[in-house]
2 protein chains.
Amino acid sequence: MTYPIKYTLAESDIPTTWYNLAADLPDIAPILDPATLTPLGPRELGRSMAAPLVEQELSTEPEFEIPAEVRQLYAQYRPTPLYRARRLEKELGTPARIYYKYEGVAPTGSFKPNSALAQAYYNKQQGKTSLIAETGAGQWGSAIALAASFFGMTAQVFMVKVSYQQKPYRRALMEAFGATCVASPSVETEIGRRILAERPDHPGSLGVAKSEALEVAYANPEIGYTRGSALNHVCAHQTVIGQEAIRQLELAEDYPDIVVGCSGGGSNLAGLAFPFLRERLNGGRPVRLIAAEPASCPTLTRGRIAYDYADAGRMTPLFRMHTLGHGFVPPPVHAGGLRAHNIAPLISRCVEDGLMEAVALRQNECFEAGVLFARAEGILPAPESTHAIRATVDEALRCRERGESKAILFGLSGHGNFDLTAYDKYFSGALPDDALSDEDFEHGLSSIPELARA
Amino acid sequence: MTYPIKYTLAESDIPTTWYNLAADLPDIAPILDPATLTPLGPRELGRSMAAPLVEQELSTEPEFEIPAEVRQLYAQYRPTPLYRARRLEKELGTPARIYYKYEGVAPTGSFKPNSALAQAYYNKQQGKTSLIAETGAGQWGSAIALAASFFGMTAQVFMVKVSYQQKPYRRALMEAFGATCVASPSVETEIGRRILAERPDHPGSLGVAKSEALEVAYANPEIGYTRGSALNHVCAHQTVIGQEAIRQLELAEDYPDIVVGCSGGGSNLAGLAFPFLRERLNGGRPVRLIAAEPASCPTLTRGRIAYDYADAGRMTPLFRMHTLGHGFVPPPVHAGGLRAHNIAPLISRCVEDGLMEAVALRQNECFEAGVLFARAEGILPAPESTHAIRATVDEALRCRERGESKAILFGLSGHGNFDLTAYDKYFSGALPDDALSDEDFEHGLSSIPELARA
């Protein structure tokens, strides 16, 4: 080779533990019961969560051992490659060194299986025979379909109806892995039937899908409900990403000045950034962490820090976090994975404590960066990931202006092979830039529970 | 790890040469001029082929050095992983050891860039500023779009109209890489306009698309015409697959008794199998080579060995090979990449000489094996690749019956993420099994040129 571009680890380099940032931050805010505003303990959380996952969720231990069976399944696609984006650097004419950690090599094309496999394992261990989940764009749903298939379990996924209709490929992928995929709202649950009776053409929402999945899980003790993002244990499972990246950057004899991730529910960003933050918090080198979110769903940049529900239907407990209000309805944006009114409490806490910055980016500037990246690096990024690319490109161009040779690492959380209709729209100029109306923004904020405001 | 499942090589292990099987087979049949039936030399072939590629095409040297720039670009996705299919073995209850070489990690999801990058390099070296190609399902077209983008060239792809309409994702992928994709027949060429005048709703065919691409290339000296399969130099470029597999099986301390590949134009199969055949022909271990083709397009199992054109429009020279006749119209089958009336002359020769076997498989039994594989291994295979999987599963089940512990290696030539509508049809039972009618079969054979029959 003229120069190395890929840093490859062996199967034996797959991390043996998940890292829990809660261990390194004092005074983690408890999860509250909405009725009593008192902290929820293992018993209450255990209603819808396998006991080992509850333990991780409430833990302040720094590490959880990865079960051998999960680690073995990780080997189907991990360690994932870390790339030096030499061609992109050249294209930008920047002195910056750009690296990206590519999770799109995972079977379903995104980072989601890192937690889906773990949750499937613990649910099976607890005697569950089936998994259930809600999904928007379909990334979590397909990860759960895969994980269930690997563990010999069945799976049912409630998919937001408008995505179910617009993204038949994702639905078909879930079915190929053996899962049942249901358009939500559906006639299979009481809440679904109620909503359809009121409005037969309801397009569905993540909140409704989540309520349907929870209703089925509560009624069937053999079914385990799974969570795609936000919670502490989900963030911990994703830290295999950042842990591998640290090892790979050692091979490159480099260390990032800046780490960038796209930010929706927060677990992808957490997975990449937290292991670096751990080093920083424990005497390591300073590193800037940047959360890149859509301007149309500006949870970190314009949301409030408050106790709020994680779903529109108010079936979840209350979490202290940045929120746009559980009643917030984001404008349609093709980065479906980033359309969350709330964010992982641990990410929220990082921003609150000044450990992480956040930037809000418009859809078209993100696709522009995504296409630039695709043509330079040969990988079509997921629309979600283009936010991290845009923020990285902006930093790299700043380096060019200032003549600074910084090292920037970003998370390429998934590929865009299932999102080509969005690229089609971008090329035809039909992609709205999703200016968020003041009215919708205020409406969202007004839904934050008064009593519980932090 | 409890057991290894992936055998990973470093960038420095990317092969440094391409292997040319023509060196190890005596009396390679020449390519003939259809008018004079005399062998074509470098000057004639040079009309539509870059000089270094002509040289490779006619060469009987065993190795061509891979240019440093191509090897550097290979590093974007090579070496590709070799897997031991432990979970599939368990599912089948077979004592066989099953390995697969996975080319779906390439940027466009299939093995095609291995040759596209090489052809782009040589065309650029010869002063071409643009690449042109025809494409059916879109795999070659997207590989050319990618390669052109990497070399700073423009690209134009004529895509069979029915695929253009049915596979918008593939078209959008080409456009994302910056290529222009045109539905063929088009108004951009004389032949296209003539066909459309006769039949405005013509659905297109590979033969027509090839004629359009050639017409444009002949008229524009700055445009390089590219070939996705069949020719000797394309087969050689693909041998990086088998060469890496040999190294990886050394890591696994194993050697295959059987090597299986799906067979359409033949270059994927050649790429995997020829390096093993090289060892066998040069005193190495015996290895069975199996070509898995669709029963609906049974080139190797029911075709004749004869001199024939490579396209329906008779614009190519004559090649000696298995052929169903250039007038053969295969029934629609979702493994678009395997719908060729002819096959690589070198593959044909292997079958003729008894160095390789061929099996013909029905569509539904292939999808059945593909789904079994997807659920066990977590990778959704391309419909083309499911033929190799079916043949492998059949061999593995034979091993179970006989209690034989053979090592089987198959080529997983690409992923099926762009082919989910085909899986959808399979699940809904709507996939025809493409029984080839005697009439269509005989019609095809009757188009083989009389004079030139070998």
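Rules used throughout
- Residues numbered from 1 in each chain as written.
- Chains lettered and ligands numbered in written order.
- Predicted model: local features only at pLDDT ≥ 70, side-chain atom pairs only at ≥ 80, totals over all residues.
- Heavy atoms only, no water.
- Helix = DSSP H or I, 4+ residues; strand = E, 2+ residues; numbered from the N terminus.
- Rg over C-alpha atoms; globule rule 2.2 N^0.38 Å.
- Buried < 20%, exposed > 50% of the residue type's maximum accessible area, 1.4 Å probe, protein only.
- Contact = heavy atoms within 4.5 Å.
- Axes fitted to C-alpha atoms, helices over the stretch in contact; angles between N-to-C directions.
- Parallel < 35°, antiparallel > 145°, perpendicular 65-115°, else oblique.
- Nonpolar A, V, L, I, M, F, W, Y, C, P; charged D, E, K, R; others polar.
- Pairing = 2+ DSSP bridges.
- Least-squares fit on C-alpha atoms with pLDDT ≥ 70 in both.
- Phe/Tyr/Trp six-rings, centres within 6.5 Å; stacked < 30°, edge-to-face > 60°.
- 1 Å grid on protein atoms, 1.4 Å probe; cavity = no way out; pocket = protein on both sides within 12 Å on 5 of 7 lines; lining within 4 Å.
- Points joined across faces, edges and corners; volume = space filled by probe spheres on them.
- Core = buried A, V, L, I, M, F, W, Y, C linked by side-chain atoms within 4.5 Å.
- Patch = residues over 30% accessible without salt bridge, like charges linked within 9 Å, V, L, I, M, F, W, Y side chains within 5 Å.
- Areas by Shrake-Rupley, 256 points an atom, 1.4 Å probe, with all protein chains shown as cover.
- Salt bridge = Lys/Arg side-chain N within 4 Å of Asp/Glu carboxyl O.
- Lys, Arg positive; Asp, Glu negative; His and termini not counted.
- Charge placed at Lys NZ, Arg CZ, Asp CG, Glu CD.

## Here we look at the overall build of chain A
Within chain A one finds 19 helices and 15 strands. The C-alpha radius of gyration computed for chain A amounts to 20 Å, which stays within 12% of the reference 22 Å derived for 454 residues, consistent with globular compactness. Taken along the three principal axes of its C-alpha coordinates, chain A extends 60 × 50 × 45 Å. Out of the 454 residues belonging to chain A, those deemed buried represent 66%. In chain A, once contacts between residues fewer than 6 apart in sequence are set aside, the share between residues at least 24 apart is 76%.

## Structural notes on the packing of helix H9 (residues 190-198) of chain B against helix H10 (residues 206-219) of chain B
All names here are of chain B. Running from amino to carboxyl end, H9 crosses H10 at an angle of 140°, the nearest separation of the two axes being 8 Å. In this view, H9 runs oblique relative to H10, as classed from their interaxial angle. Together, Glu190, Ile191, Gly192 and Ile195 of H9 and Val208, Ser211, Glu212 and Glu215 of H10 make up the contact between the two elements. The residue inventory of the contact of H9 with H10, partitioned by class, reads three nonpolar, two polar and three charged.

## Looking at the sheet that holds strand S8 (residues 180-184) of chain B
Sheet strands pair via backbone hydrogen bonds, and the direction of the pair is either parallel or antiparallel. All names here are of chain B. Spatially, S8-S7-S6-S9 is the arrangement adopted by the four strands of the open sheet, whose pairing is parallel. Each end of this open sheet is capped by a strand with a single partner; those strands are S8 and strand S9 (223-225). Strand-to-strand twist across the sheet, computed as the mean angle between neighbouring axes with direction ignored, equals 25°. Looking at chain direction, strand S6 (residues 130-135) and S9 are connected through three bridges and run parallel. Across the sheet, the residue bridging to Ser130 is Ile223, located in S9. Across the face of the sheet, H10 comes into contact with S6, strand S7 (154-160), S8 and S9 while running at roughly 165° to S6.

## Focus on the relation of the copies chain A and chain B
Between the two copies, chain A and chain B, the superposition gives an RMSD of 0.0 Å; the rotation angle is 180° and the shift along the axis is 0.0 Å. Here the transformation between the copies is reduced to the relation of a two-fold axis.

## Digging into the pairing of strand S5 (residues 97-102) of chain B
All names here are of chain B. Most of S5 sits inside the fold, with five of its six residues counted as buried. Relative to S5, strand S4 (residues 82-84) runs antiparallel, the two being bridged by three bridges. Residue pairing in the sheet places Arg84 in a bridge with Tyr99 of S5. Bridge analysis of S5 against strand S15 (residues 407-412) gives six bridges, and the strand direction is parallel. Directly across from Tyr102, in S15, lies its bridge partner Leu412.

## Digging into the sheet that holds strand S11 (residues 288-294) of chain A
Residues and elements named next belong to chain A. Reading across from one edge, S1-S4-S5-S15-S10-S11-S14 is the order of the seven strands in this open sheet, with mixed pairing throughout. This sheet does not close on itself; its edge strands, each paired only once, are strand S1 (6-7) and strand S14 (357-361). Bridge count between strand S10 (residues 258-262) and S11: five bridges; the pairing is parallel. Across the sheet, residue Cys262 finds its bridge partner in S11, namely Ala292. Sheet strands in contact with helix H12 (residues 240-251) are S1, strand S4 (82-84), strand S5 (97-102) and strand S15 (407-412), and its direction is about 140° off that of S5.

## A few points about the packing of aromatic side chains
Residue and element names in this part refer to chain A. Summed over all chains, the structure comprises 25 aromatic pairs over all chains. Both rings, one in Tyr255 and one in Phe276, keep their centres 5.8 Å apart while their planes meet at 70°; by these two values the pair is edge-to-face. Within this pair, whereas Tyr255 is found in the loop between H12 and S10, its partner Phe276 is found in helix H13 (residues 267-281), the two being separated by 21 residues in sequence. A network of ring pairs unites the aromatic residues Trp18, Tyr121, Tyr122 and Phe151 as a single cluster.

## Focus: empty space enclosed by the protein
All told, the structure shown has two cavities of 30 Å³ or more when counted by the stated rule. Size it by volume and the largest cavity reaches roughly 760 Å³. Lining the largest cavity are 48 residues; nearest its centre among them are Pro81, Tyr102 and Val105 of chain A together with Pro81 and Val105 of chain B. Among the elements of the structure, S1 of chain A together with strand S1 (6-7) of chain B are those that each provide at least two residues to the lining of the largest cavity. When grouped by side-chain class, the residues that make up the lining of the largest cavity number 25 nonpolar, 17 polar and six charged. Residue lining of the second largest cavity: Ala137, Gln139, Lys167, Arg170, Glu384 and Asp419 of chain A, and that is the complete set.

## As for the packing of helix H16 (residues 363-377) of chain B against helix H17 (residues 383-402) of chain B
All names here are of chain B. Axis separation between H16 and H17 bottoms out at 8 Å; the angle between their running directions is 85°. Between H16 and H17, the interaxial angle falls into the category roughly perpendicular. Taking contact as the criterion, the partners of Glu365, Cys366, Phe367, Glu368, Ala369, Gly370, Leu372 and Phe373 in H16 are, on H17, Pro383, Thr386, His387, Ile389, Arg390 and Val393. Looking at the contact of H16 with H17 residue by residue, the classes come out as eight nonpolar, three polar and three charged.

## Observations concerning the nonpolar core
Core analysis: the largest hydrophobic core is formed by 165 residues, its most contacted members being Trp18 of chain A together with Trp18, Phe274 and Met356 of chain B. When sequence neighbours within four positions are dropped, the list of residues in contact with Phe274 of chain B reads Tyr19, Leu21, Cys235, Thr239, Leu269, Leu346, Ile347, Cys350 and Met356 of chain B. The next biggest cluster of nonpolar side chains, apart from the first, holds 37 residues, and it includes Phe111, Cys235, Leu249 and Ala252 of chain A.

## Some thoughts on a negative patch on the surface
Taken together, the side chains of Asp438, Glu439, Asp440 and Glu442 of chain A define an acidic patch exposed on the protein surface. With respect to the helices and strands, the residue Glu439 of chain A is situated in helix H19 (residues 438-445).

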